[in-house]
Amino acid sequence: MPPPAAPAQSVQRRPAMDDIGEGVPLLLLHAFPLSRRMWRPQLTGLADSCRLLAPDLPGFGSSPPWPAAACRMEDMAAAAVARLDEAGVAAAVVCGLSMGGYVALALYEIFRERVRGLVLADTRAAADDEAGRGRRLESARAVECGGPPALAALASSLVPRLIAPRTRTARTELVAWLHREIAAAPPAGVAAAQRGMAERPDRTHLLPRISVPTLVVVGEEDEITPPAESIVLRDRIPGARLVTVAGAGHLSSLEQPAAWNGALREFLRGFTPDGGGGG
Ligand code: MLT
């Protein structure tokens, strides 16, 4: 006779993480409101160069629901470090795109010893202004109350801003995929992340204190975190290098994976699998 099923409340779901390839560990932190699935072009294109660890951040993909109304960037950073622990990785090159970049900076601030290098893609160090915070809180409420139709509306307003005009016309399959992913995102996770991003502090002060090799990447046509934000990161982080990806908007890693992966591959060459930092 099969054993009785465990009661629902005792089921522990571990957030999923892709873990493929060998070599320098590269932790990939996804954008809002997506999941680790956005890293598919990197998982297929970079597995010969490094060990890729791509977790679902709390509240997204197959992560369990986040138990509070807000999921701060520090909470997401702690969750990502827990995934590194589970994978037996002491320190990684930490790469975050947009919201993932906010998380990467929080992770650097709190868990400095776990970071061998940073890749900050299509992101910024500054906090939201008052109007931006208000929009996020309103969007969190709308998604929580409105469920799937509100997510579809969020997708319609967000997708045109996530990718460059040329990508929108040339990559209709990517456009359709983004709509599906956003419409299927867990409403509670989306709301918690919006509140967490609204609360995030300005981390500009941290930039001159970053002492690991850092690569900044930005889509030339990014309208959500325009290249000017990346220039601030490049100028304030000692020794940082900036790569601008032509023909890409905000989701540069998805829009121009060959150029993006090429920049990462070159950056990763400066690291040894077992601990040496690049420079
Ligand atoms: C993202 O792509 O993660 C978002 O645009 C971040 C944000 O809303 O600030």
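Our structure's up above, just so we're on the same page.
Procedures and definitions
Residues numbered from 1 in each chain as written. Predicted model: local features only at pLDDT ≥ 70, side-chain atom pairs only at ≥ 80, totals over all residues. Heavy atoms only, no water. Helix = DSSP H or I, 4+ residues; strand = E, 2+ residues; numbered from the N terminus. Contact = heavy atoms within 4.5 Å. Polar contact = N/O pair within 3.5 Å; in protein donor to acceptor, adjacent residues only side chain to side chain. Pairing = 2+ DSSP bridges. Axes fitted to C-alpha atoms, helices over the stretch in contact; angles between N-to-C directions. Parallel < 35°, antiparallel > 145°, perpendicular 65-115°, else oblique. Left-handed = near helix turned anticlockwise from the far one by under 90°. Nonpolar A, V, L, I, M, F, W, Y, C, P; charged D, E, K, R; others polar.

Draft legend 1. Broad picture of the environment of Gly45. Within the secondary structure, Gly45 sits in helix H1 (residues 40-45). Expressed as a C-alpha distance, the spacing of Gly45 and Asn261, which sit 216 residues apart in the sequence, is 6.8 Å. Dropping the residues within four chain positions of it, Gly45 is found in contact with Asn261 and Arg265.

Draft legend 2. Quick look at the side chain of Gln42. Along the chain, the position of Gln42 falls in helix H1. Side chain to side chain, Gln42 and Asn261 meet in a polar contact 2.9 Å long. Setting aside residues no more than four positions away along its own chain, Gln42 makes contact with Leu28, Ala47, Leu52, Ser253, Pro257, Trp260 and Asn261.

Draft legend 3. Broad picture of the sheet that holds strand E1 (residues 17-20). Taken in spatial order, the seven strands make up an open sheet running E1-E3-E2-E4-E5-E6-E7, and their pairing is mixed. Every other strand in the sheet has two partners, leaving E1 and strand E7 (241-245) as the edge strands with one partner each. If you compare each strand with its neighbour and ignore which way they point, the axes differ by 15° on average. The sheet contact formed by strand E2 (residues 25-29) and strand E4 (residues 92-97) spans four bridges and is parallel. Bridge assignment links Leu28 to a residue of E4, and that residue is Cys95. Along the sheet, helix H2 (residues 73-87) contacts E1, E2, strand E3 (51-55) and E4; its crossing angle with E3, the most-contacted strand, is approximately 135°.

Draft legend 4. Layout of the packing of helix H4 (residues 130-162) against helix H7 (residues 187-199). Running from amino to carboxyl end, H4 crosses H7 at an angle of 170°, the nearest separation of the two axes being 8 Å. In terms of their interaxial angle, H4 and H7 are classed as roughly antiparallel. At the point where H4 passes H7, the crossing takes the right-handed sense. Facing Arg133, Arg136, Leu137, Ser139, Ala140, Arg141, Val143, Glu144, Gly147, Leu151 and Leu154 of H4, the residues of H7 in contact are Pro187, Val190, Ala191, Gln194, Arg195, Met197 and Ala198. Its residues assigned to classes, the contact of H4 with H7 shows 10 nonpolar, three polar and five charged.

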